[in-house]
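Here's the letter readout for the chains.
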Amino acid sequence: MSEANPNPLTSIGTFSAGPNQSLVQKVDPRARIVCTVLFAFAVVLSDQLIALIFALVMSILMACFAKLTVAKTLKQLAAMDMFMLYLLLMLPFTVPGDSFMTLFGFSASWQGLEQGIKITLKANAVVLMLFATVTNLPSSALGSALQALKVSNKLIQLLLFTLRYLSVIADEYQRLRRSMRARAFVMRFNWHSWKTIGNLIGMLLVRSIHRSQRILKAMKCRGYNGQLVSYLPMRWQPLDSGFCGTMALLTAAITAVNFIHFS
């Protein structure tokens, strides 16, 4: 079934070596997924600030090669960094160590601030790398690549259905909210508002279940038997080997920096 307006969560890019695509989009999806996972492990396990800064710079360069939209990418990162800001404010007061300030009788430690900075750098480096390498994959390419990498078939289908129908659930939520506003509902901090929001969430769950049942029946009518059928051909090219080799060297450099003690 074709769609006039493809879901932006699942059709961000197209897996083909077109002339208007970025260099990263021309790389095989399997190479992108494996390299991104290895990069994420290396960054999460890193403990040196220099290694994390290098990883963040590497992610920024990858985002440039992927030709990500600056405004949209910064907006997406800002949503995550609001939580990171909370960590930066709380960790100095909860991690013991050398105090650098006192606020209302609570001491803030350098060790807590350093830990918050490290967590922020890790999160931004990993998420930005995901934006550059994986989120521009269409759902068909993502599913086929995961299947080629021997990922569980049920897990792949769960991921693809989640990506496909997140926007559908969001649209359903907006319709319910519009109907509430048409009935002059105004959100306030009182029992009526909380009860109404509870009914909204319950109705959203009920409609989601009914929609899923209709979708399952429609899929069975089209021969669905619980198996994911991959129809996207993939060929390993010299560009893919070069991408993997470059990512492996840079990831190894991030890991090696953690064993260097800087005075």
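Definitions and cut-offs
Residues numbered from 1 in each chain as written. Predicted model: local features only at pLDDT ≥ 70, side-chain atom pairs only at ≥ 80, totals over all residues. Heavy atoms only, no water. Helix = DSSP H or I, 4+ residues; strand = E, 2+ residues; numbered from the N terminus. Buried < 20%, exposed > 50% of the residue type's maximum accessible area, 1.4 Å probe, protein only. Areas by Shrake-Rupley, 256 points an atom, 1.4 Å probe, with all protein chains shown as cover. Lys, Arg positive; Asp, Glu negative; His and termini not counted. Charge placed at Lys NZ, Arg CZ, Asp CG, Glu CD. Expected span 1.5 Å × (residues − 1). Contact = heavy atoms within 4.5 Å. Pairing = 2+ DSSP bridges.

We now examine the overall build of the protein chain. Per the secondary structure count, the protein chain includes eight helices and two strands. Tracing the protein chain from N to C terminus, the helices and strands come up as α-α-α-β-β-α-α-α-α-α. Dimensions of the protein chain, computed from C-alpha atoms along their principal axes, come out at roughly 65 × 60 × 30 Å. Taking all 263 residues of the protein chain together, the buried fraction comes to 35%. Here the protein chain displays about 16900 Å² of accessible surface, and carbon together with sulfur accounts for 68% of that area. If you average the places of the 25 positive and of the 9 negative side-chain charges in the protein chain, the two averages end up 16 Å apart.

Take unusual backbone geometry next. Glycine aside, a negative phi is what most residues show, and trans is what most peptide bonds show. Phi at Lys67 takes a positive value of approximately 60°, unusual for a residue other than glycine. Tracing the sequence through the fold places Lys67 in the loop between α2 (49-65) and α3 (70-94). Using a relative accessible area of 58% as the deciding quantity, one classes Lys67 as exposed. You will see that Ala184, though not glycine, has its phi angle at about 65°, which is positive.

This part takes up helix α7 (residues 191-221). For an α-helix, 3.6 residues make a turn, and residues three or four places apart therefore share a direction. A rise of 1.5 Å per residue sets the reference length of α7, with its 31 residues, at 45 Å; its end C-alpha atoms lie 45 Å apart and thus fit the reference within 8%. Those residues of α7 that sit buried are Ser193, Thr196, Ile197, Leu200, Leu204, Ile215 and Met219. Turning to α7, the residues buried within the fold contact α6 (153-182). Looking one or two residues past α7, Gly223 carries a phi angle of roughly 90°, positive in sign.

Right, let's get into the pairing of strand β1 (residues 99-103). Where β1 meets strand β2 (residues 106-109), four bridges bridge the pair, whose relative direction is antiparallel. Each residue of the ladder has a partner; that of Leu103, found in β2, is Phe106.

By themselves, these observations are geometric and do not establish any function.
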